[in-house]
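Structure at a glance
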Amino acid sequence: KDAGPLARRLGLGRVLVFDYSSTATFDVDSFELKPGVLSTLTDQARLLGTAFAGVDVHVCGHTDSSGSESHNLELSLQRAQAVASFLGQGGVHAGRLKVLGLASEFPVADNATPEGKALNRRTELVLPK
């Protein structure tokens, strides 16, 4: 099967995506990690250190469609950096973490609703498969 749009954007054939949009989103115009996501990211750091040891991890930040493209690009990068920093503190070697801000390029929900926008304010961990 052909690679999806995100895999193509990252230059990868196939990927495994850890998407936390249903449980771990960001407040509007914020890159601060919410307390509710910290245990999930702690578990993820442990998994990356065991089952996926040595595999590069693309930490992709996303925004909803509100705001300018340049603002959303910076904000999405800050979100990805916040997650990468937390994973690094959890033992994932920084050299494995490829941080990328994707602004609103890859929505998972409709940006026309508040609920959809909330789901789009997220990060994903993408691993080559």
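This structure is a prediction, so every number in the text was calculated from the model and none was measured. (Residues numbered from 1 in each chain as written. Predicted model: local features only at pLDDT ≥ 70, side-chain atom pairs only at ≥ 80, totals over all residues. Heavy atoms only, no water.)

1. A short note on the overall build of the chain
On a plain count of helices and strands, the chain comes out with four helices and four strands. Along its sequence from the N terminus, the chain presents helices and strands in the succession α-β-α-β-α-β-α-β. Expected size for 129 residues packed as a compact globule is a radius of gyration near 14 Å; at 14 Å, the chain falls within 12% of this value. Considered along the principal axes of its C-alpha atoms, the chain spans approximately 40 × 35 × 25 Å. Relative to its full complement of 129 residues, the chain shows a buried share of 41%. (Helix = DSSP H or I, 4+ residues; strand = E, 2+ residues; numbered from the N terminus. Rg over C-alpha atoms; globule rule 2.2 N^0.38 Å. Buried < 20%, exposed > 50% of the residue type's maximum accessible area, 1.4 Å probe, protein only.)

2. Let's talk about the pattern of salt bridges
Within the structure shown, the criterion is met by five salt bridges. In this structure, R121 and D64 form a salt bridge, with 3.1 Å as the shortest nitrogen-oxygen distance. Remark: D64 occurs in the loop between β2 (57-61) and α3 (69-89) and R121 occurs in the loop between α4 (114-120) and β4 (123-128); sequence separation between them is 57 residues. (Salt bridge = Lys/Arg side-chain N within 4 Å of Asp/Glu carboxyl O.)

3. Focus: the confidence of the model for the chain
Overall, the predicted model of the chain reaches an average pLDDT of 92, with 95% of residues at or above 70. Across the chain, element-level confidence peaks in strand β3 (residues 97-101) with a mean pLDDT of 98 and bottoms out in strand β1 (residues 15-19) with 84. (pLDDT = per-residue confidence, 0-100.)

4. Observations regarding the pairing of β4
With five of six residues buried, β4 is to be regarded as a mostly interior element. Summarising the sheet, β2 and β4 pair through four bridges and their orientation is antiparallel. Paired with V59 across the two strands is L125, which belongs to β4. (Pairing = 2+ DSSP bridges.)

5. Digging into α3
Given a rise of 1.5 Å per residue, 21 residues ought to cover 30 Å, and the 30 Å separating the end C-alpha atoms of α3 matches this to within 8%. Here α3 has its buried residues at N72, L75, S76, R79, A80, A82, V83, A84, F86 and L87. As for α3, its buried residues are in contact with α2 (35-50), β2, β3 and β4. (Expected span 1.5 Å × (residues − 1). Contact = heavy atoms within 4.5 Å.)

6. Quick look at the sheet that holds β1
The mixed open sheet is built from four strands, whose spatial order is β1-β4-β2-β3. Both outer strands of the open sheet, β1 and β3, are each paired with one neighbouring strand and no more. Going across the sheet, the axis of each strand differs from the next one's by a mean of 25°, ignoring polarity. Strands β1, β2 and β4 of the sheet are contacted by α2, whose axis makes an angle of about 10° with β4. Against the sheet, α3 touches β2, β3 and β4, its axis set at about 160° to β3. (Axes fitted to C-alpha atoms, helices over the stretch in contact; angles between N-to-C directions.)

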